[in-house]
Amino acid sequence: MKTYVVKVTLRGISPMVWRRFRLSGETSLAAFHYIIQIAQGWQDDHLHQFRIYAKITAFPTPMGLE
């Protein structure tokens, strides 16, 4: 099974805030979203998006796209 090392950086923050994750190749983007929420101590109320090879992906929430 492949594993990936992914670095997540919060933009516009000083000093820089980042986390590095080691994920199974079978981890879905939705599962990764949940992992980030836990790692950051968030409760699914922060605006964020994924940028993968210049393609932006966001998740729908009751308040619109996250």
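Procedures and definitions
Residues numbered from 1 in each chain as written. Predicted model: local features only at pLDDT ≥ 70, side-chain atom pairs only at ≥ 80, totals over all residues. Heavy atoms only, no water. Core = buried A, V, L, I, M, F, W, Y, C linked by side-chain atoms within 4.5 Å. Buried < 20%, exposed > 50% of the residue type's maximum accessible area, 1.4 Å probe, protein only. Helix = DSSP H or I, 4+ residues; strand = E, 2+ residues; numbered from the N terminus. Contact = heavy atoms within 4.5 Å. Phe/Tyr/Trp six-rings, centres within 6.5 Å; stacked < 30°, edge-to-face > 60°. Lys NZ or Arg CZ within 6 Å of the ring centre and 35° of its normal. Pairing = 2+ DSSP bridges. Expected span 1.5 Å × (residues − 1). Arc of directions from axis to C-beta.

Caption draft 1: Layout of the nonpolar core. Phe21, Leu23, Phe32, Ile36, Trp42 and Phe50 together form the largest nonpolar core, which totals six residues. Sorting the residues of this core by element identifies strand E2 (17–24) and helix H1 (29–40) as the ones contributing at least two each. Not counting residues up to four positions away in its chain, the partners in contact with Leu23 are Lys2, Thr3, Tyr4, Val6, Phe32 and Ile35.

Caption draft 2: Focus on the packing of aromatic side chains. Across all of its chains, the model carries one aromatic pair by this definition. Ring geometry for Phe21 and Phe32: centres 5.5 Å apart, planes at 85°, overall edge-to-face. In this pair, Phe21 sits in strand E2 while Phe32 sits in helix H1, placing the two residues 11 residues apart along the sequence. When sorted by exposure, Phe21 lands in the same class as Phe32, which is buried. Above the plane of the ring of Trp18 lies Lys7, whose end atom (NZ or CZ) is 4.9 Å from the centre.

Caption draft 3: A look at the pairing of strand E1 (residues 3–10). Relative to E2, E1 is paired through eight bridges, and the arrangement is antiparallel. Residue Thr9 lies in a different strand from E2, and its bridge partner there is Trp18.

Caption draft 4: Expanded view of H1. With 12 residues, H1 ought to run about 16 Å at 1.5 Å a step, and its terminal C-alpha atoms sit 16 Å apart, in line with that. Every buried residue of H1 is listed here: Phe32, His33, Ile36, Gln37 and Gln40. Angular distribution of buried residues about the axis of H1 spans 145°; they occupy a single face of the element. More than 90 degrees from the buried face of H1, the exposed residues found are Tyr34 and Ile38. For H1, the elements touching its buried residues are E1, E2 and strand E3 (50–52). One or two positions beyond H1, positive phi appears at Gly41, with a value near 75°.

By themselves, these are just geometric observations and shouldn't be taken as functional.
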